[in-house]
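Tertiary structure, described
So you can see what is in the structure, the chains are spelled out below.
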Amino acid sequence: MRVEWATDEGSAERGNEDFVAAAAGAVVVLDGCGLPLGTELGCAHGTAWYARSLGTRLLARMLDGIGGAPPAGQPVGPPEGAHRPGGRPLVARLAGAISDVAASHRATCDLAVPTTPAATVVALRVRGDLVDYLVLADSTLLLDGPGGLTRISAGAPFAAADPAVADAAITGTVPVPELRRAFLLTDGATRLAERFQLIGWDALAELAAGPGPAALIARTREAERTDPRAVRWPRGKPHDDATAAVCAFD
């Protein structure tokens, strides 16, 4: 699997609250839930920190045990919530990562605040001749196979402090020969097709795969600049953080 990605902040004032990371055989994309500036989060670290922390821990857990190596051990954080991983391995990895992050800042932050930092999650992992995927909340995964594009996106809840929300994730497994490409996209990178409806999903995928994810984001910024007051396309943020990762399996 080859991975190409790009990310861009929507506002210099709040910084980039998206996160993307990839390693051999795995990639994660997270969109930190950007609440209005000044919102009390009950957390000294902030949303960008949360997205980074959860993303790095999830990526490490996704890779743990791959390639014949035994798993490294139990989660850093204690088991919490009502999570029951069952037979969905990436759900268990996400629940463990959420638990780890919660344990890392529980002593300094109030994780019971409803506005505690949170994020969407899209993750993909190659496991032998199979590809496992996970989607939590409203970021988007596009799978490009012999039958065309399959779009996968969910709704609330978001990853925050309770690992039980991992059970709400959409998951699946696809044989590698049935995939040409996969696209992991935050909602800032889907605006051309989803909110603005300037192009279709097939065209968005071709833009991200051909010129590349940076070109997709640049085209999105061009469209946003034509509507700086969000009149034509009503939206909370004139420019949103945008992240796109393209995985190729050819």
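Here's what I pulled together on the structure shown here. (Residues numbered from 1 in each chain as written. Predicted model: local features only at pLDDT ≥ 70, side-chain atom pairs only at ≥ 80, totals over all residues. Heavy atoms only, no water.)

Okay, the layout of surface pockets next. Estimated volume of the second largest pocket: approximately 210 Å³. Every residue lining the second largest pocket is listed: Asp138, Ser153, Asp187, Gly188, Thr190, Arg191, Glu194, Arg195, Arg235, Gly236, Lys237 and Asp240. A class-by-class count of the residues in the lining of the second largest pocket yields no nonpolar, four polar and eight charged. (1 Å grid on protein atoms, 1.4 Å probe; cavity = no way out; pocket = protein on both sides within 12 Å on 5 of 7 lines; lining within 4 Å. Points joined across faces, edges and corners; volume = space filled by probe spheres on them. Nonpolar A, V, L, I, M, F, W, Y, C, P; charged D, E, K, R; others polar.)

Looking now at the side chain of Arg61. Its location among the elements puts Arg61 in helix α1 (residues 47-63). At a separation of 3.0 Å, a polar atom in the side chain of Arg61 contacts the side chain of Asp100. (Helix = DSSP H or I, 4+ residues; strand = E, 2+ residues; numbered from the N terminus. Polar contact = N/O pair within 3.5 Å; in protein donor to acceptor, adjacent residues only side chain to side chain.)

Next up on the list: the packing of aromatic side chains. Tallied over the full model, the rule gives one aromatic pair. Considering the side-chain rings of Phe196 and Trp233, the 4.1 Å spacing of their centres and the 25° angle between planes classify their relative orientation as stacked. You can see Phe196 sitting in the loop between β9 (181-185) and α3 (201-209) and its partner Trp233 sitting in the loop between α4 (213-225) and β10 (242-248), a full 37 residues away along the chain. Judged on exposure class, the residue Phe196 and its partner Trp233 are both buried. (Phe/Tyr/Trp six-rings, centres within 6.5 Å; stacked < 30°, edge-to-face > 60°. Buried < 20%, exposed > 50% of the residue type's maximum accessible area, 1.4 Å probe, protein only.)

Those residues of α3 that fall on the buried side of the exposure criterion are Leu204, Ala205, Leu207 and Ala208. With its buried residues spanning 160° around the axis, α3 presents them on a single face. Those residues of α3 that are buried are in contact with β6 (140-145), β7 (148-153), β9, α4 and β10. (Arc of directions from axis to C-beta. Contact = heavy atoms within 4.5 Å.)

We now examine the sheet that holds strand β3 (residues 26-32). Reading across from one edge, β2-β3-β4-β5-β8 is the order of the five strands in this open sheet, with antiparallel pairing throughout. Strand pairing shows two members of the sheet lacking a second neighbour, β2 (18-23) and β8 (170-175), which therefore form its edges. The mean inter-strand angle of the sheet, taken between neighbouring strand axes irrespective of direction, is 10°. Two strands pair when backbone bridges link them, and β2 and β3 are joined in this way by six bridges, in the antiparallel orientation. Following the sheet pairing, Val20 is matched in β3 by Val29. The strands touched by α1 are β2, β3 and β4 (119-127); relative to β3, the strand with the most contacts, the crossing angle is about 160°. (Pairing = 2+ DSSP bridges. Axes fitted to C-alpha atoms, helices over the stretch in contact; angles between N-to-C directions.)

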